[in-house]
Amino acid sequence: MAPKTDKQNDIIEKTAAFVAEKLKDAESGHDWWHILRVWNNTKLILQEEEADAFVCELTALLHDIADSKFHGGDETVGPRVAGEFLSSLQVEPSVIEHVQQIILNMSYKASLGEVGFHSKELEVVQDADRLDAIGANGVARAFNYGGYKNREIYNPEIPVIENQSKEAYKQTTAPTINHFYEKLLLLKDKMNTKAAKNIAAGRHQFMESFLQQFYGEWNGER
Ligand code: ADP
Ligand code: NI
């Protein structure tokens, strides 16, 4: 894949500035720092995978620009805001459309299989986003989320429920440790690209060590 042109790099920089400003007061699971980590993960994956870096980086930057949770579940707001911004920079329509398709298909509705778009660039950005849910940052995000929801950290009497429906899962008030078994430890096997599978293996191992240490301390070991 050809390296990015100066013009493309300029557009990426302008997009980063737009997103940083737009998400400056966002909740910390999806704030600018999440976007920056996903952008970094994207660049890391692209060192080993053949994909259009311009499309991947723009999408990484814009993928959480308007979380549908805060727009009455409307999945079209994010792609629309992203499209309007990119049009204002005179980005080619084919690129804009591709970015919009990926954002739409990375979303909750898409995960229910209601939309069917596929591209290598989608694979890369979806992996980059999922990589931020595991490893040390994944651990931090999980406990941050649990704290925000006032969940228990751990309760050995509350069992893990695997394979729950998405709806049931959203209703859960289970302790944060359960979230590791219900989602985070399953993510390494959901990576699309070989590069992300390799990165995920290391981050997965870190979570396993974290859990081992956690239970050790919980049970009064040194
Ligand atoms: P995404 O942006 O990947 O769709 P979510 O909005 O579901 O993710 O979650 C944002 C962050 O909060 C992720 O790091 C996720 O692991 C974490 N999180 C989501 N649900 C829970 C939960 N029940 N307990 C702990 N952490 C959670
Ligand atoms: Ni995200």
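Only a predicted model underlies this, so the values are computations on that prediction, with no experimental measurement involved.

Asker: I would appreciate a short explanation of the overall build of the protein chain in the present structure.
Answerer: A count of helices and strands for the protein chain gives 11 helices and zero strands. When the elements of the protein chain are put in sequence order from the N terminus, they spell out α-α-α-α-α-α-α-α-α-α-α. Scaling as 2.2 N^0.38, a compact globule of 222 residues should have a C-alpha radius of gyration of about 17 Å, and the protein chain matches this with 18 Å. Expressed as a percentage of its 222 residues, the buried residues of the protein chain come to 34%. For the protein chain, contacts bridging at least 24 residues in sequence account for 62% of all contacts bridging at least 6.

Asker: Sorry, what's going on with the environment of Pro-79 here?
Answerer: In this structure, Pro-79 sits in helix α4 (residues 77-88). Given 23 C-beta atoms within 10 Å, Pro-79 falls into the buried group. Pro-79 sits 76 residues away from Pro-3 along the chain, and the two C-alpha atoms are 26 Å apart. If near-sequence neighbours (up to four positions away) are discounted, Pro-79 is found in contact with Gln-100, Ile-103 and Leu-104.

Asker: Please clarify how unusual backbone geometry should be interpreted in this entry.
Answerer: Glycine aside, residues mostly have negative phi, and peptide bonds are mostly found in the trans state. Here the phi dihedral of Gln-90 falls at roughly 60 degrees; this positive angle occurs in a residue that is not glycine. Relative to the helices and strands, Gln-90 resides in the loop between α4 and α5 (93-106). Despite not being glycine, Asn-163 has its phi angle at roughly 55 degrees, a positive value. The topology assignment puts Asn-163 in the loop between α8 (135-148) and α9 (166-171).

Asker: Just to check I follow, could you spell out the domain arrangement of the protein chain for this structure?
Answerer: How big an interface is tends to be reported as the loss of accessible area on association of its parts. With domains assigned, the protein chain is organised as domain 1 (1-115) and domain 2 (133-222). Here the C-alpha centroids of domain 1 and domain 2 sit 26 Å apart. Tallying the contact residues gives eight residues for domain 1 and nine residues for domain 2. Grouping the constituent residues of the side of domain 1 that touches domain 2 by class yields three nonpolar, two polar and three charged.

Asker: Sorry, what's going on with the nonpolar core here?
Answerer: Within soluble globular proteins, side chains that are nonpolar tend to cluster in buried spots. Ranked by internal contacts, the top residues of the largest apolar core, which has 41 residues, are Leu-62 and Val-99. Contributing elements (two or more residues each) for this core: α2 (32-46), α3 (53-62), α4, α5, α7 (120-131), α8, α10 (176-182) and α11 (194-218). Ranked by residues supplied to this core, first place goes to α3 with eight residues. Each of two domains, domain 1 (1-115) and domain 2 (133-222), supplies a minimum of three residues to this core. In this structure, Leu-62 is in contact with Thr-15, Val-19, Ala-82, Val-99 and Ile-103, ignoring residues within four places of it in sequence.

Asker: What is the right way to read α11 from this model?
Answerer: Because each turn of an α-helix spans 3.6 residues, side chains separated by three or four positions in sequence point in the same direction. For α11, with 25 residues, the first-to-last C-alpha span of 36 Å sits near the 36 Å given by 1.5 Å per residue. The set of residues buried in α11 consists of Ala-196, Ile-199, Ala-200, Arg-203, His-204 and Met-207. Its buried side turned inward, α11 meets α2, α7, α8 and α10. Directly beyond the C-terminal end of α11, a positive phi value near 75 degrees is found at Gly-220.

Asker: Honestly, the confidence of the model for the protein chain in this entry has me stumped. Any pointers?
Answerer: The predicted structure's coordinates, where accompanied by low pLDDT, should not be read in detail. Of the residues in the protein chain, 95% reach a pLDDT of 70 or more, and the chain-wide mean stands at 93. Among the scores for the predicted complex, ipTM is 0.96 and pTM is 0.94.

Asker: How should I be thinking about the packing of α4 against α5 in this particular structure?
Answerer: When two helices pack together, their arrangement is given by the angle between their axes and by how far apart the axes lie. For the pair α4 and α5, interaxial distance at closest approach is 9 Å and the crossing angle is 160 degrees. By the angle class used here, α4 and α5 are roughly antiparallel. With respect to the hand of their crossing, α4 and α5 are arranged in right-handed fashion. When α4 is examined against α5, the residues Gly-78, Pro-79, Ala-82, Gly-83, Leu-86 and Ser-87 are found in contact with a partner set consisting of Ile-96, Val-99, Gln-100, Ile-103 and Leu-104. Tallied by class, residues from the contact of α4 with α5 come to seven nonpolar, four polar and no charged.

Conventions used here
Residues numbered from 1 in each chain as written. Chains lettered and ligands numbered in written order. Predicted model: local features only at pLDDT ≥ 70, side-chain atom pairs only at ≥ 80, totals over all residues. Helix = DSSP H or I, 4+ residues; strand = E, 2+ residues; numbered from the N terminus. Rg over C-alpha atoms; globule rule 2.2 N^0.38 Å. Buried ≥ 20, exposed ≤ 12 C-beta atoms within 10 Å, placed from the backbone. Contact = placed C-beta atoms within 7 Å. Domains from an automatic or database assignment. Nonpolar A, V, L, I, M, F, W, Y, C, P; charged D, E, K, R; others polar. Core = buried A, V, L, I, M, F, W, Y, C linked by C-beta atoms within 7 Å. Expected span 1.5 Å × (residues − 1). pLDDT = per-residue confidence, 0-100. Axes fitted to C-alpha atoms, helices over the stretch in contact; angles between N-to-C directions. Parallel < 35°, antiparallel > 145°, perpendicular 65-115°, else oblique. Left-handed = near helix turned anticlockwise from the far one by under 90°.

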